[in-house]
Amino acid sequence: MKDVYILAIESSCDETSISVIKNGCIDVATTILTQMDTHAEFGGVVPEVASRMHSENITMVLEDVFSKTDITMDNIDAIAVTYAPGLLGSLLVGLEFAKTLSLVYNKPLIKVHHIAGHIYANNLVDKMEFPLLALVVSGGHTELVLMEDDYKFNVLGSTLDDAIGEVYDKVARVLDLPYPGGPHIDRLAVLGKDTYDLPKPMDNDELDFSYSGLKSAIINLVHNEKQRGNEIRKEDIACSFQTVAVDELIRKTKLAIHKTNSKRLIIAGGVSANKYLRNEFEKLADEENIKLSIPPIKYCTDNAAMIGCAAYPLYLKNEFSSLDINAESTLALF
Amino acid sequence: MLTLFISTYNEYVIIGLLKDGKEISLINRTSLKGHNTLIVPSIEEILKNNHLTVHDLNNIIVVNGPGSFTGIRLGITVAKTLAYTLNISIKTISSIEAIACSISDKDKIITINDSKGKYIGKFINHELVDLIYLKETEAIKYLDDNNLPIFSEFKFDLEAIYNYSLNLQSVPAHAVKALYIKEIEALHGR
C-alpha cells in the first residue's frame with residue numbers, strides 16, 4: 001500500500017504545533033512552539049493572548065516543520081486539525097489555517113478530537129492492538145476507557161467532579177508554585193516524604209473517580225498550617241498528595257483490568273508525563289503481566305504528531321470534513 | 001492582476017475580487033454562526049463563480065482591525081496563510097481607513113462601536129491623525145470636542161480601497177498582524 005502522509009495542526013491551548021506523520025505512526029517532522037513562558041507571567045493561560053500568538057506564529061511554524069524534512073506539500077495526502085475541545089479562539093486559528101491549506105493545496109480536511117489525539121499518541125510508540133484499556137488523564141479528563149476497535153470508546157469510569165490535572169494545578173497554586181504546576185509537584189515530591197495524612201478518594205469498587213475531596217483537604221491543610229504559623233513543607237505535601245492521587249489511579253485501573261480481563265493498557269493525556277505516575281504504572285504492568293504503553297514525555301503534552309496519528313484511521317475511512325466546519329470548545333469524545 | 005479583498009472586522013464577512021483595480025465580484029454575508037464557517041467557503045465560492053482558482057490571485061488586501069478580536073484574527077490568519085503558501089503580496093488596511101476611503105469629506109471622524117465604547121479614527125485632509133479606543137462616555141466627549149462630521153454607517157468602495165492601498169507597503173506574510181488597539185480586559189490593570 002502507498003504511504004500516507006498527513007499534515008497535522010494542533011492549537012487548542014497554548015502550543016502551536018504542526019507535524020508531518022507517515023502512516024499514522026511515524027513522526028517525520030514536528031514543530032511545537034510553546035507560549036508557556038508568556039502565560040507563566042499571568043499565572044495561567046490567558047485565552048485572548050493565546051489566540052493572538054497562534055495567529056502571529058502559525059505560518060512560521062509551518063515553514064519550520066517543512067525545513068526539517070524532504071517531504072513537501074505535494075507528498076501530503078490530507079490536512080488534519082484539532083477542532084475540539086479547547087480554548088475556542090485558539091482552536092479557530094488552527095481550524096482556519098487548516099481550511100486555507102486544504103483550499104490552496106486541494107487536500108482533504110480531517111477534523112480530529114484532541115483527546116483522540118492523546119490516545120492515538122500511543123501509536124508513535126507501538127501500534128495499538130485492540131481490545132485495550134486506556135486511562136486518560138489530563139486537565140479535563142480522568143477516564144478509564146475500553147477500546148474494542150479504532151474510535152470505539154466504551155467509558156468504564158470517569159471523574160465525578162474534578163479532573164486529576166485540574167487538581168494538580170490547584171494544589172500547585174496553593175503551594176505558590178509557578179504555572180504550569182504539575183511538573184513542579186512531580187519534582188518536589190521526589191524530595192519529600194509521604195508524611196501528611198490525606199483522605200483516600202472514594203473507598204469503593206466502582207470505576208469512577210473523585211478528586212474534589214482530596215483537593216479540599218490540601219487547601220484546608222495549607223490554610224490551617226498557615227493559620228497556626230507552622231512551616232509548610234511543600235515537598236512533603238507534594239509527595240503526600242501525589243501518592244494518594246496516583247495510587248487511586250492505580251487502584252481503579254487494576255480493578256478495571258480485572259473486570260475486563262484486559263491484556264493491554266495505554267495511558268494518555270498531559271498528566272501521563274508525570275514521572276511518579278509512569279513508574280507506578282510500570283510496576284502495575286509487571287505485577288499484572290500486561291502490556292503497557294505510555295507515550296514519550298514529548299508526546300504527552302500537546303503536540304500535532306498525535307493529531308496526525310488520530311487522523312489516520314479517519315483518513316482510511318474517508319471521513320473528511322467540508323470547509324465550513326466549526327470548532328467546539330467543550331465537545332466530549334465519549 | 002487579480003486582487004482578493006478580505007474584511008471580517010465586524011459582523012460581516014466581506015470577500016471581494018478586483019481585476020486591475022476594478023471590482024468584479026463581491027460576497028457580503030452576515031456571520032450568524034461565526035466568521036469561521038464563512039471565510040474560506042466564501043473565498044472558494046467567489047473564485048469558482050468567476051471561473052478562477054486561488055492560484056490566479058496576485059495579491060491580497062486584508063482589513064486587520066480594529067474591531068471584533070476573533071473576527072479580525074480569523075480574517076488575518078486566512079489572508080496571511082494564502083499569501084505565504086501562494087507566495088503573493090499582502091497589504092493590510094485598518095477598518096477605519098477602509099471606511100474612510102469610501103467617504104469623500106477631507107476632514108472627518110470614523111467610529112466603530114463595540115459593546116462598551118468606540119474605536120475612533122480622526123482624519124484631517126484625508127490623513128489619519130488619531131486612532132484610539134474610548135469608553136462610551138469619553139468617546140462622546142471626544143466627538144463633541146472635535147466637532148467634525150462623524151461616519152459609522154458605510155458601504156465599502158473596493159476600488160477606492162484598492163487605490164488607497166497602492167500607497168501602502170506590502171507586509172511579509174509571517175509579519176501580518178491584527179490591529180487590536182483595545183487592551184485585553186483580562187489583563188486590565190496588570
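Residues numbered from 1 in each chain as written. Chains lettered and ligands numbered in written order. Predicted model: local features only at pLDDT ≥ 70, side-chain atom pairs only at ≥ 80, totals over all residues.

S.K.: Help me understand the overall build of chain A, please; the structure alone is not making it clear to me.
M.R.: Of regular secondary structure, chain A possesses eleven helices and ten strands. The globule rule puts the C-alpha radius of gyration for 334 residues at 20 Å, and the 20 Å found for chain A is close to it. Judged by the C-alpha coordinates and their principal axes, chain A covers about 65 × 45 × 30 Å. For chain A, the residues scored as buried account for 51% of the 334 residues in total. Residue pairs in contact within chain A that sit at least 24 positions apart in sequence constitute 73% of those at least 6 positions apart. (Helix = DSSP H or I, 4+ residues; strand = E, 2+ residues; numbered from the N terminus. Rg over C-alpha atoms; globule rule 2.2 N^0.38 Å. Buried ≥ 20, exposed ≤ 12 C-beta atoms within 10 Å, placed from the backbone. Contact = placed C-beta atoms within 7 Å.)

S.K.: Whenever I open this one, the overall build of chain B confuses me. Can you help?
M.R.: Of the regular secondary structure elements, chain B holds five helices and nine strands. Going residue by residue from the N terminus, the α and β elements of chain B occur as β-β-β-α-β-α-β-α-β-β-β-α-β-α. Here chain B has a C-alpha radius of gyration of 17 Å; the compact-globule value for 190 residues is 16 Å, and the two agree. Counting across all 190 residues of chain B, residues that qualify as buried make up 39%. Intrachain contacts of chain B at a sequence separation of at least 6 include 65% that bridge at least 24 residues.

S.K.: Please explain the domain arrangement of chain A as it appears in this structure.
M.R.: How big an interface is tends to be expressed through the accessible area that disappears when the partners come together. Residue and element names in this part refer to chain A. The assigned domain composition of chain A is domain 1 (5-121 + 299-316) and domain 2 (128-294). The centre of domain 1, based on its C-alpha atoms, is set 27 Å off from the matching centre of domain 2. Between domain 1 and domain 2, the residue contacts involve twelve residues of the former and 15 residues of the latter. Elements represented by at least two residues in the side of domain 1 that touches domain 2 include exactly α1 (36-40) and α4 (114-120). When its residues are assigned to classes, the side of domain 1 that touches domain 2 shows seven nonpolar, five polar and no charged. (Domains from an automatic or database assignment. Nonpolar A, V, L, I, M, F, W, Y, C, P; charged D, E, K, R; others polar.)

S.K.: What's the story with the sheet that holds strand β7 (residues 142-149) of chain A in this structure? I'm lost.
M.R.: Each strand in a sheet pairs with its neighbour through backbone hydrogen bonds, running either in the same direction (parallel) or in the opposite one (antiparallel). All names here are of chain A. The sheet built from five strands is open, its strands ordered β8-β7-β6-β9-β10 with mixed pairing. Where the open sheet ends on each side, the last strands, each with one partner, are β8 (152-158) and β10 (291-293). With strand direction ignored, the average angle separating the axes of adjacent strands in the sheet is 25°. In terms of strand pairing, strand β6 (residues 132-137) meets strand β9 (residues 264-268) through four bridges, oriented parallel. Across the sheet, the residue bridging to A134 is I266, located in β9. Packing against the sheet, helix α8 (residues 234-260) makes contact with β6, β7, β8 and β9, and its axis sits at approximately 160° to β6. (Pairing = 2+ DSSP bridges. Axes fitted to C-alpha atoms, helices over the stretch in contact; angles between N-to-C directions.)

S.K.: What's the story with the packing of helix α3 (residues 88-105) of chain A against helix α2 (residues 69-86) of chain B in this structure? I'm lost.
M.R.: Pairs of packed helices are described in terms of their axes, by the angle between the two and the distance that separates them. The geometry of α3 of chain A relative to α2 of chain B is characterised by a closest axis approach of 9 Å and an angle of 35° between their N-to-C directions. Seen from above, α3 of chain A lies across α2 of chain B with right-handed handedness. Counting all contacts with α3 of chain A, which are made through G89, L92, V93, E96, F97, T100, L101 and V104 of chain A, the residues of α2 of chain B involved are T70, R73, L74, T77, V78, T81, L82, T85 and L86 of chain B. The class makeup of the residues in the contact of α3 of chain A with α2 of chain B is nine nonpolar, six polar and two charged. (Left-handed = near helix turned anticlockwise from the far one by under 90°.)

S.K.: Help me understand unusual backbone geometry, please; the structure alone is not making it clear to me.
M.R.: As a rule of thumb, non-glycine residues mostly have phi less than zero, and peptide bonds are mostly trans rather than cis. Residues and elements named next belong to chain A. In this structure, P131 follows F130 across a cis peptide bond, with omega equal to 0°. Its place among the elements puts P131 in the loop between α4 and β6. Of the consecutive residues Y179 and P180, the connecting peptide bond is found in the cis state with omega at -10°. Unlike most non-glycine residues, N106 shows phi in positive territory, near 55°. Topologically, N106 is positioned in the loop between α3 and β5 (109-113). Judged by C-beta crowding, with 10 C-beta atoms within 10 Å, N106 ranks as exposed. Backbone geometry places D176, a non-glycine residue, at a positive phi of 60°. Residue position: D176 is located in the loop between α5 (164-174) and α6 (182-191).

S.K.: When you look at the confidence of the model for chain B in this model, what are you seeing that I'm missing?
M.R.: As a general rule, the predicted coordinates of low-pLDDT regions are not to be interpreted in detail. Put simply, chain B has an average pLDDT of 95, and 99% of its residues get 70 or more. As scored by the predictor, the complex reaches a pTM of 0.95 and an ipTM of 0.97. (pLDDT = per-residue confidence, 0-100.)

S.K.: What's the story with the interface of chain A and chain B in this structure? I'm lost.
M.R.: Contacts between chain A and chain B engage 25 residues on the former and 30 residues on the latter. If you list the elements that add at least two residues to the side of chain A that touches chain B, you get α2 (47-66) and α3 of chain A. Of the residues forming the side of chain A that touches chain B, the biggest block, eleven residues, is contributed by α3 of chain A. A class-by-class count of the residues in the side of chain A that touches chain B yields 13 nonpolar, six polar and six charged.

S.K.: What is the right way to look at the domain arrangement of chain B in this model?
M.R.: Residue and element names in this part refer to chain B. Assigned domains within chain B: domain 1 (2-95 + 156-187) and domain 2 (103-153). Centre-to-centre, using C-alpha coordinates, domain 1 lies 23 Å away from domain 2. Taken together, the contacts link six residues of domain 1 with four residues of domain 2. Residues belonging to the side of domain 1 that touches domain 2 are distributed by class as follows: two nonpolar, three polar and one charged.

S.K.: Looking at this model, I keep getting lost on helix α1 (residues 39-49) of chain B. Mind explaining?
M.R.: All buried positions along α1 of chain B are accounted for by I39, V40, S42, I43 and L47 of chain B. Buried residues in α1 of chain B, looked at end-on, bunch into an arc of 165°, giving them a common side. In this structure, α1 of chain B carries K48 and N49 of chain B as exposed residues pointing more than 90 degrees from its buried face. Looking at the buried side of α1 of chain B, the elements it contacts are α3 of chain A together with β1 (2-7), β2 (12-19), β3 (22-30) and α2 of chain B. Residue H51 of chain B follows α1 of chain B closely and has a positive phi angle near 55°. (Arc of directions from axis to C-beta.)

S.K.: Explanation requested: the nonpolar core in the structure shown.
M.R.: Within soluble globular proteins, side chains that are nonpolar generally end up buried alongside one another. With 148 residues, the main nonpolar core has A8, A80, A134 and A311 of chain A together with I60 and A79 of chain B as its most contacted residues. Among all residues touching I60 of chain B, those that are not within four sequence positions of it are L4, I6, A79, L82, A83, I88 and I90 of chain B. (Core = buried A, V, L, I, M, F, W, Y, C linked by C-beta atoms within 7 Å.)

S.K.: When you look at the sheet that holds strand β9 (residues 150-151) of chain B in this model, what are you seeing that I'm missing?
M.R.: Residues and elements named next belong to chain B. Sheet architecture is open: four strands sit in the order β8-β7-β6-β9, paired in mixed fashion. Looking at which strands have only one partner, the edges of the open sheet turn out to be β8 (127-135) and β9. As judged from the eight bridges shared by strand β7 (residues 117-124) and β8, these two strands associate in the antiparallel manner. Residue K118 lies in a different strand from β8, and its bridge partner there is L134. Contacts from helix α4 (residues 136-146) reach β6 (108-113), β7, β8 and β9 within the one sheet, and its direction differs from that of β8 by about 145°.

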